[in-house]
Amino acid sequence: MTLSKIKKENVRRIQAAPFGDAQGRVPYYPRYIQIEHASFCNASCIMCNHFYLGNRGAAFLDPKIIELLMPIYPYVEMIMLNGDGEPFLHPQLQQFTRLYQEYGIIVAANTNLGIKGIDFNEFYGCFDSLSLSCDGAEKETYERIREGLSFEQFCRNAVALKSGLPDIRVIFDVVVMKENLLELFKIVELAAKLGIKEIHFNMLGVNPEIGNESDAVSDCIHLAARELVKAQETGDRLGVKTFVPTVIPKTFDPAVAAAEEKILESTDFNALIKERKACAAKQIREDISDNHLHQETADSDYKYTVPDGKAWCSWGLERCYVDLQGNVTTCCFNVHHYMGNLLETGSFEKIWNGENYRTFRRNMKNGVLPYWCANCTWRTENASKMETGRTIPIKKDVKTVKGTY
């Protein structure tokens, strides 16, 4: 059977019975997998764990985990490489991405694009898309937010990327926060200058360890709306597709926005960031290797009831997340509980149709979710319009696989 037929049959089975049978057992495999390839990073961004942990406890993905996932590659349509670090730091990244491509899998990653001396020509044929993390259009803003990186190096690498990998989709990925709110339209201009035709603006994920709640734009929503409208208008003028968070209103009060701007301009961000780093350093309790998935799910985790079918989430049903230690779970938003461990079970199938995942599917079907789903904006924004088998295109066949299904 060809890879295309295998993947299409997998989609058909998801559509026919997304929650599986009465026990929660399913006859399909994930369409999309996010695999953490490295927790090492060359930056200490102000909204990230690396801001206060650095590379303490960091590691690279064990090739054994790649091997244990191989039986399901024929079914998978897309692999995202990210987790807690910079994927281009992994010494075997070429080898892994070429393997995924052999199975007709779309390969994508987020990168800070800050590594000096990277030769993108060596990665020809490895990626289908790359999202470039860029949170500032001016050197001071960019380097304040992405500590340890060089704005000039980022721009040089962006030019080299477009030259070395001209056929892949390249996206600017921007975290919207108070530090960069007034130059969002300039980031669109920078994207256009570098030949990037698509930009995604995302809301800041607040990190309680850092204490960066005040960086979120929720208390200057009129100003945020004004600036994102300006960014979209700039994108329309320059031919750059811009995508903005749905939680930001499309209308605003100009007078209120102006008042919010005055408050923002009076903020000393450098002093604020320095203070946060000092506070976070005193509160370090875990290193990166222990900071995420560390215990199996339990019945006591299911505390959140959702009415009207809004418990539905494609991440929980047709996607999954795999970390450096081989822990498999629903998504990267769940940072503590895993469904099973590949290195312990020796099999993805034993996890995917094991008791933990079966319980999860039965509960979701009945509108009951684990507590980590309660504040997930991705689920709440997408639940009402989600459909299985509709979001990821199946790639052209690369080879034929016999005996599958």
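Refer to the preceding data block for the structure.
Residues numbered from 1 in each chain as written. Predicted model: local features only at pLDDT ≥ 70, side-chain atom pairs only at ≥ 80, totals over all residues. Heavy atoms only, no water.

Draft legend 1. Layout of the overall build of the chain. The number of helices and strands found in the chain is 15 helices and 16 strands. Considering the chain as a whole, with its 405 residues, one finds that 55% of them fall into the buried category. Carbon and sulfur atoms form 51% of the exposed surface of the chain, whose accessible area is close to 17,800 Å². (Helix = DSSP H or I, 4+ residues; strand = E, 2+ residues; numbered from the N terminus. Buried < 20%, exposed > 50% of the residue type's maximum accessible area, 1.4 Å probe, protein only. Areas by Shrake-Rupley, 256 points an atom, 1.4 Å probe, with all protein chains shown as cover.)

Draft legend 2. Representation of the sheet that holds strand S4 (residues 106-111) within the structure. Spatially, S9-S8-S7-S5-S4-S3-S1-S12-S13-S15 is the arrangement adopted by the 10 strands of the open sheet, whose pairing is mixed. Taken across any chain shown, the strands that pair with only one partner, and hence form the sheet edges, are strand S9 (241-243) and strand S15 (340-341). Note that strand S1 (residues 32-35) and strand S3 (residues 78-80) share 3 bridges and pair parallel. Looking across to S3, one finds that glutamine 34 is bridged to methionine 80. Seen against the sheet, helix H6 (residues 151-164) touches strand S5 (129-133) and strand S7 (169-176) and runs at an angle of roughly 170 degrees to S5. (Pairing = 2+ DSSP bridges. Contact = heavy atoms within 4.5 Å. Axes fitted to C-alpha atoms, helices over the stretch in contact; angles between N-to-C directions.)

Draft legend 3. Quick look at the side chain of glutamate 227. Here glutamate 227 lies in helix H8 (residues 221-238). Taking the relative accessible area as the measure of exposure, glutamate 227 reaches 1% and is therefore buried. Ignoring anything within four residues of it in the chain, the contact list for glutamate 227 reads Leu181, Leu182, Leu184 and Phe185.

Draft legend 4. Just the pairing of strand S8 (residues 198-203), in detail. Pairing of S7 with S8, which is carried by 5 bridges, proceeds in the parallel orientation. Within S8, the position partnered with valine 175 by the bridge is asparagine 202. Sheet topology places S8 next to S9; 3 bridges connect them, and they run parallel. Paired with isoleucine 199 across the two strands is threonine 242, which belongs to S9. You can see the chain leave S8, run along H8 and come back into S9, and the turn it takes is right-handed. (Right-handed = clockwise from strand over helix to strand, strands pointing away.)

Draft legend 5. Region of the structure containing the pattern of salt bridges. Enumeration over the complete set of coordinates arrives at 19 salt bridges. The salt bridge partner of lysine 230 is glutamate 227, with a shortest N-O separation of 3.6 Å. With lysine 230 and glutamate 227 both in helix H8 and 3 residues apart, the pair spans about one turn of that helix. Given a relative accessible area of 32%, lysine 230 falls into the partly exposed group. (Salt bridge = Lys/Arg side-chain N within 4 Å of Asp/Glu carboxyl O.)

Draft legend 6. Just the nonpolar core, in detail. With 118 residues, the main nonpolar core has Tyr100, Phe127 and Phe172 as its most contacted residues. The contacts of phenylalanine 127, once residues within four sequence positions are left out, are Leu81, Phe88, Leu93, Thr97, Gln101, Val107, Ala109 and Ile168. (Core = buried A, V, L, I, M, F, W, Y, C linked by side-chain atoms within 4.5 Å.)

Draft legend 7. Highlighting the packing of helix H7 (residues 184-193) against H8. Packing of H7 against H8 leaves a shortest axis separation of 7 Å and a crossing angle of 20 degrees. Compared by their axis directions, H7 and H8 come out roughly parallel. Taken as a pair, H7 and H8 cross one another with a handedness that is right-handed. Residue-level inspection shows Leu184, Phe185, Val188, Glu189 and Ala192 of H7 in contact with H8, the latter providing Glu227, Leu228, Lys230, Ala231, Thr234, Gly235, Arg237 and Leu238. (Parallel < 35°, antiparallel > 145°, perpendicular 65-115°, else oblique. Left-handed = near helix turned anticlockwise from the far one by under 90°.)

Draft legend 8. Fine view of the packing of aromatic side chains. By the definition in use, this model includes 18 aromatic pairs. The interplanar angle of 25 degrees and the centroid separation of 5.6 Å between the aromatic rings of phenylalanine 348 and tryptophan 352 together place this pair among those described as stacked. Of this pair, phenylalanine 348 and tryptophan 352 both sit in helix H13 (residues 348-352), separated by 4 residues, roughly a single helical turn. You can call phenylalanine 348 buried: its relative accessible area is 3%. Three or more aromatic residues link up through ring pairs in this structure, and these residues are Tyr28, Tyr29, Tyr75, Phe348, Trp352, Tyr357 and Phe360. Arginine 319 extends its terminal NZ or CZ atom over the ring of tyrosine 32, reaching a point 4.5 Å from the ring centre. (Phe/Tyr/Trp six-rings, centres within 6.5 Å; stacked < 30°, edge-to-face > 60°. Lys NZ or Arg CZ within 6 Å of the ring centre and 35° of its normal.)

Draft legend 9. Summary view of the environment of methionine 364. By the element assignment, methionine 364 lies in helix H14 (residues 355-365). Along the sequence, methionine 364 and tryptophan 312 sit 52 residues apart, while their C-alpha atoms lie 6.8 Å from each other. Apart from residues lying up to four places away in sequence, methionine 364 is in contact with Phe19, Ala311, Trp312, Cys313, Leu317 and Leu369.

Draft legend 10. Up close: the environment of leucine 61. By the element assignment, leucine 61 lies in the loop between helix H2 (50-53) and helix H3 (63-69). Here leucine 61 falls in the buried class, since its relative accessible area comes to 2%. Each C-alpha atom of the pair leucine 61 and leucine 324 lies 4.8 Å from the other, and the pair is 263 residues apart in sequence. Contact partners of leucine 61, with chain neighbours within four places excluded, come to Ile35, Glu36, His37, Ile66, His90, Asp323 and Leu324.

Draft legend 11. Just H14, in detail. Taken across its 11 residues, H14 has 8 buried, putting it largely inside the fold. Among the residues of H14, Asn356, Tyr357, Arg358, Thr359, Phe360, Arg361, Asn363 and Met364 are the ones counted as buried. Following H14 by one or two positions, glycine 367 adopts a phi angle in the positive range, close to 80 degrees.

Draft legend 12. Layout of helix H1 (residues 3-16). The terminal C-alpha atoms of H1 lie 20 Å apart, and with 14 residues this matches the ideal 20 Å at 1.5 Å per residue to within 8%. As for H1, its buried residues are in contact with helix H4 (93-102) and helix H11 (314-318). (Expected span 1.5 Å × (residues − 1).)

Draft legend 13. View of the packing of H8 against helix H9 (residues 254-265). Contact pair H8 / H9: the axes reach a minimum separation of 7 Å and the direction vectors enclose 100 degrees. When the interaxial angle is binned, H8 and H9 end up roughly perpendicular. Two secondary-structure elements touch here, H8 through Ile221, His222, Leu223 and Arg226 and H9 through Val256, Ala257, Ala258, Glu260, Glu261 and Leu264. A per-class count over the contact of H8 with H9 returns 6 nonpolar, 1 polar and 3 charged. (Nonpolar A, V, L, I, M, F, W, Y, C, P; charged D, E, K, R; others polar.)

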